Amino acid sequence: MENIETISIFISTVALLVSVAVAMQGWWRHRNVYAIERKLFFRKNQIDKSNNNNELKKKLSSGHYTILHTGEYGGCIELILGKIKK
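My aim in this report is to walk through the structure given alongside it, one point at a time. Please read these numbers as outputs of a predicted model, since none were measured by experiment.

Conventions we followed
Residues numbered from 1 in each chain as written. Predicted model: local features only at pLDDT ≥ 70, side-chain atom pairs only at ≥ 80, totals over all residues. Heavy atoms only, no water. Helix = DSSP H or I, 4+ residues; strand = E, 2+ residues; numbered from the N terminus. Buried < 20%, exposed > 50% of the residue type's maximum accessible area, 1.4 Å probe, protein only. Contact = heavy atoms within 4.5 Å. Pairing = 2+ DSSP bridges. Axes fitted to C-alpha atoms, helices over the stretch in contact; angles between N-to-C directions. Polar contact = N/O pair within 3.5 Å; in protein donor to acceptor, adjacent residues only side chain to side chain. Salt bridge = Lys/Arg side-chain N within 4 Å of Asp/Glu carboxyl O.

**Quick word on the overall build of the protein chain**
Logical step 1: The secondary structure content of the protein chain amounts to two helices and three strands.
Logical step 2: In sequence order, the protein chain lays out its α and β elements as α-β-α-β-β.
Logical step 3: When the 86 residues of the protein chain are sorted by exposure, 17% land in the buried category.
Logical step 4: The contacts of the protein chain with a sequence gap of at least 6 include a subset with a gap of at least 24, amounting to 49%.

**As for the pairing of strand β3 (residues 76–84)**
Logical step 1: Of the strand pairs in this sheet, strand β1 (residues 33–41) and β3 are connected by eight bridges, and their pairing is antiparallel. Each residue of the ladder has a partner; that of Arg38, found in β3, is Ile80.
Logical step 2: With eight bridges joining them, strand β2 (residues 65–73) and β3 adopt antiparallel strand pairing. Bridge pairing in β3 links Thr70 to Leu79.
Logical step 3: Turn length for the β2-β3 hairpin, with the two strands adjacent in sequence and antiparallel, is two residues, and the turn residue Gly74 shows positive phi of about 60 degrees.

**Thoughts on the sheet that holds β2**
Neighbouring strands of a sheet are bound in pairs by backbone hydrogen bonds; such pairs are parallel or else antiparallel.
Logical step 1: Here three strands make up an open sheet; going across it, the order is β1-β3-β2 and the pairing antiparallel. Because the sheet does not close on itself, it has two edges, and the strands there are β1 and β2. Across the sheet, the mean angle separating the axes of adjacent strands is 20 degrees when strand polarity is ignored.

**Here we look at the side chain of Lys59**
Logical step 1: Tracing the sequence through the fold places Lys59 in helix α2 (residues 52–62).
Logical step 2: A relative accessible area of 17% means that Lys59 is categorised as buried.
Logical step 3: Polar side-chain contacts of Lys59 include one of 2.5 Å to the side chain of Glu37.
Logical step 4: Apart from residues lying up to four places away in sequence, Lys59 is in contact with Glu37, Lys39, His64, Tyr65 and Leu81.

**Regarding the pattern of salt bridges**
Logical step 1: Going through the model one piece at a time under the given rule, you end up with three salt bridges.
Logical step 2: Residue Arg38 is joined to Glu78 by a salt bridge in which the shortest nitrogen-to-oxygen separation is 2.3 Å. A residue pair is termed long-range when its members are at least 10 positions apart, and Arg38 in strand β1 and Glu78 in strand β3 qualify at 40 residues.
Logical step 3: Note on Glu78: relative accessible area 17%, which makes it buried.

**Observations concerning the side chain of Lys39**
Logical step 1: Summarising the element assignment, Lys39 is placed in strand β1.
Logical step 2: Only 3.0 Å separates the side chain of Lys39 from the side chain of Glu55, close enough to count as a polar contact.

As structure tokens, then:
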């Protein structure tokens with residue numbers, strides 16, 4: 001009985017390690033950054049004359065961009081976007 005439990009624990013551990021390795025490989029492959037852009041996100045719509053917020057929403061919802069860093073810049077939120085391969 002003890003042999004069966006040891007074998008099942010060993011098989012479970014190997015399966016877990018394989019699944020973690022596959023998940024890590026897939027995550028790194030899809031997160032290669034190809035370009036970096038700097039965008040400002042305006043908190044109030046009346047300040048946003050160029051409609052930058054809608055452009056930013058379109059880029060982020062497309063799945064081709066991700067936010068790499070955020071910060072404060074002159075009362076606005078500065079976003080560093082990275083273009084990724086989907």
